[in-house]
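Coordinate analysis (summary)
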Amino acid sequence: MKKLPKFLMIAFVVLAVLLASFAFYAYQALYSGNLNVQIGESKQNKILYIPKGTNFQGLIEILKREQLINNVVSFAFVAKIMNYQENVKAGAYLIEPNESNISVIRKLRSGQQITIKLTFNNLRTKEDLAERISEQLPIPKDTLLSLLQSEEIAQKYGLNTYTIGTIFIPNTYEVYWTTTAQELLERMYKEYQKFWNTERKQKAQNLGLTPTQVMILASIVQAETTKNDEKPRIAGVYLNRLAKNDLLQADPTVVFAHRDFSIKRLLNSHLSIDSPYNTYKYTGLPPGAINFPDISSIEAVLNAEKHDYYYFCAKEDFSGYHNFAQTLAEHNRNARLYQKALNEKGIK
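Residues numbered from 1 in each chain as written. Predicted model: local features only at pLDDT ≥ 70, side-chain atom pairs only at ≥ 80, totals over all residues. Heavy atoms only, no water.

1. A short note on the overall build of the chain
Stated precisely, the cut-off is as follows: Put simply, DSSP H or I for four residues or longer makes a helix, DSSP E for two residues or longer makes a strand, and each gets a number counted from the N terminus. Note on classification: 1.4 Å probe, protein chains only; a residue is buried when its accessible area is under 20% of the maximum for its type, exposed when over 50%, partly exposed between these limits. Should any heavy atoms of two residues lie within 4.5 Å, those residues are counted as being in contact. Note on areas: Shrake-Rupley, 1.4 Å probe, and residue coverage restricted to the protein chains presented here.
Scanning the chain for helices and strands turns up 14 helices and eight strands. Across the 348 residues that make up the chain, the buried fraction comes to 41%. Summarising the internal contacts of the chain: among those between residues at least 6 apart in sequence, 63% fall at separations of at least 24. For the chain, the exposed area adds up to about 19300 Å²; of that, 50% sits on carbon and sulfur atoms.

2. A look at the packing of helix α11 (residues 231-243) against helix α13 (residues 295-302)
For the record, the criterion: For helices, the fitted axis covers only the stretch in contact; all axes are lines through C-alpha atoms, and the angles between them, taken along N-to-C directions, range from 0 to 180 degrees. Orientation categories follow fixed angle ranges, with anything under 35 degrees roughly parallel, anything over 145 roughly antiparallel, 65 to 115 roughly perpendicular, and all other angles oblique. What makes a crossing left-handed is the near helix being turned counterclockwise from the far one by less than a right angle; a clockwise turn instead makes it right-handed. Asp, Glu, Lys and Arg are counted as charged, while Ala, Val, Leu, Ile, Met, Phe, Trp, Tyr, Cys and Pro are counted as nonpolar; the rest, among them Gly, fall into the polar class.
Remark: α11 packs on α13, axes separated minimally by 8 Å, with the N-to-C direction vectors making an angle of 50°. By the angle between their axes, α11 is oblique relative to α13. Seen along the crossing, α11 lies across α13 with a hand that is right-handed. For the pair α11 and α13, the contacting residues are Lys 231, Pro 232, Ala 235 and Leu 239 in the first and Ser 296, Ser 297, Ala 300 and Val 301 in the second. Across the contact of α11 with α13, the residue classes tally to five nonpolar, two polar and one charged.

3. Some words on the pattern of salt bridges
The following threshold applies: The salt bridge criterion pairs a side-chain nitrogen of Lys or Arg with a carboxyl oxygen of Asp or Glu, the two atoms within 4 Å.
All told, the structure shown has twelve salt bridges when counted by the stated rule. One salt bridge in this structure joins Glu 191 and Lys 194, with 3.9 Å as the shortest N-O distance. Of this pair, Glu 191 and Lys 194 both sit in helix α8 (residues 181-195), three residues apart, which is roughly one turn of that helix. Classification of Lys 194 as exposed rests on a relative accessible area of 59%. Several salt bridges share partner residues, and in doing so they unite Arg 187, Glu 191 and Lys 194 into one network.

4. Quick notes on the nonpolar core
This is how the line gets drawn: As used in this record, nonpolar core signifies buried Ala, Val, Leu, Ile, Met, Phe, Trp, Tyr and Cys residues forming a set joined through side-chain atoms within 4.5 Å.
Ranked by internal contacts, the top residues of the largest apolar core, which has 58 residues, are Ile 133, Phe 168, Trp 196 and Ile 298. Here Ile 298 is in contact with Ile 169, Phe 195, Trp 196, Val 214, Met 215, Ala 218 and Pro 293, once residues within four sequence places are set aside. The next biggest cluster of nonpolar side chains, apart from the first, holds 21 residues, and it includes Leu 48, Met 82, Ile 95 and Val 104.

5. Description of the packing of aromatic side chains
Spelled out, the test is: Only rings of Phe, Tyr and Trp enter the pairing, Trp through its six-membered ring, and a pair is recorded when the two centres are within 6.5 Å. The plane angle decides the type: under 30 degrees is stacked, over 60 is edge-to-face, the rest tilted.
In the structure shown here, the tally under the stated rule is 15 aromatic pairs. An angle of 55° between the planes, with centres 6.3 Å apart, marks the rings of Phe 256 and Phe 261 as tilted. Take Phe 256: its relative accessible area is 4%, and that puts it in the buried class. Measuring from ring centre to ring centre gives 5.6 Å for Tyr 309 and Phe 324, while their planes differ by 40°; the resulting arrangement is tilted. On the criterion of sequence distance, the pair formed by Tyr 309 in the loop between α13 and β7 (311-314) and Phe 324 in strand β8 (residues 322-325) is long-range, its members being 15 residues apart. With a relative accessible area of 22%, Tyr 309 lands in the partly exposed category.

6. Some words on the packing of helix α5 (residues 126-134) against helix α6 (residues 141-148)
Where α5 contacts α6, the two axes come as close as 8 Å, and the packing angle between them is 140°. Accordingly, the angle class assigned to the pair α5 and α6 is oblique. At the point where α5 passes α6, the crossing takes the right-handed sense. Residue-level contacts link Lys 126, Glu 127, Leu 129, Ala 130, Glu 131, Ile 133 and Ser 134 of α5 to Lys 141, Leu 144, Leu 145 and Leu 148 of α6.

7. Let's talk about the environment of Pro 252
Its place among the elements puts Pro 252 in helix α12 (residues 251-258). Since its relative accessible area comes to 14%, Pro 252 is described here as buried. A C-alpha to C-alpha distance of 9.9 Å links Pro 252 and Asn 291, two positions 39 residues apart in sequence. Discounting chain neighbours no more than four positions away, the residues touching Pro 252 are Ala 223, Glu 224 and Ile 290.

8. Quick word on unusual backbone geometry
Residue Asn 245 is not a glycine yet carries a positive backbone phi of 60°. In this structure, Asn 245 sits in the loop between α11 and α12. Even without being glycine, Phe 318 reaches a positive phi, approximately 60°. Turning to its location among the elements, Phe 318 is positioned in the loop between β7 and β8. With a relative accessible area of 34%, Phe 318 lands in the partly exposed category.

9. Some remarks on the environment of Ala 304
Summarising the element assignment, Ala 304 is placed in the loop between α13 and β7. Owing to a relative accessible area of 17%, Ala 304 belongs among the buried residues under this scheme. Setting aside residues up to four positions removed in sequence, Ala 304 forms contacts with Pro 232, Ala 235, Gly 236 and Leu 239.

10. Considerations on the pairing of β8
Under the convention used in this document: For two strands to be treated as a pair, DSSP must find no fewer than two bridges joining them.
The alternating pattern of β8 places His 322 and Phe 324 on one face and Asn 323 and Ala 325 on the opposite face, and all of these are buried. In this sheet, β8 lies alongside β7 in antiparallel orientation, the contact comprising four bridges. Bridge pairing in β8 links Cys 313 to Asn 323.

11. Regarding the confidence of the model for the chain
Let me state the cut-off plainly: Here pLDDT means the predictor's own confidence in every residue, given as a number from 0 to 100.
Looking at the chain as a whole, the pLDDT averages 89, with 87% of positions reaching at least 70. Residue range residues 16-31 is modelled with pLDDT below 50. Its contacts to residues more than four positions away, or to other chains, number 17 contacts.

Written out as structure tokens, the structure reads:
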């Protein structure tokens, strides 16, 4: 057998080396840790946020900016052979320490998002809600606000623009980061319907209230006290007034009417405002909630304490609790004690 020419042997050797090198590089590019590279003893999962409309180059910039990638070239190489560069999907994705290109690109290509925890509480207005949500999801504040101010949208849920906010019950919800404003409304309405089960609806009916009216009253109770153990008693006071068709005379509704939440002491001048939220002027419940009541406040109304109190006033010790009274004379004595305490503190 004739020997191969020397140049062919060299060519074969070079080709073998090249193939081995390519195979090694391909293996390294596919399976070696390249994303969220572990540094020292640190081991921490990170979340990669890809906004809607992001192309592959934009993704690379995000990876570099967030310091989530070690070797851009190998990532781009694997993305190319896996047909991902033209298929970038928006979302929030979990990236683990030393995760390989192939592992990450598989989940990015398939849109394997994680859910994030959406939380909102201690909010008063729709503007507050829209801003809080825009801080956690890429939903522009104005976009959500426009939906909440749309009569057409509100009617879809059997509500109006005063009451649409009642479907947002403060809690922690798991949602996809790419959730749109309309999808969020749908989700919140489903959660609202789930919350208002047969038992709670029956309790509301026993009080002569609709679920929406319960939510409105719960918002007043929540504005009156932070003490959960006192909420059912305060709810009972307002239910007694409603039963007699008396003015609720709820100070927080007047503050809400003014939209000035810095008011610490309500004066007679404040009470003259002509607003459907002024419960010193108009009987019954205001047209909408004055905040987003949490579950403890809603349950306080549904399980209101039955008693003969028609008045209450903040205690003069500033403990956050209240003195309750059955008669106006008794209430006036309690009020004078509190007003004296305010004067001594210089609160105007």
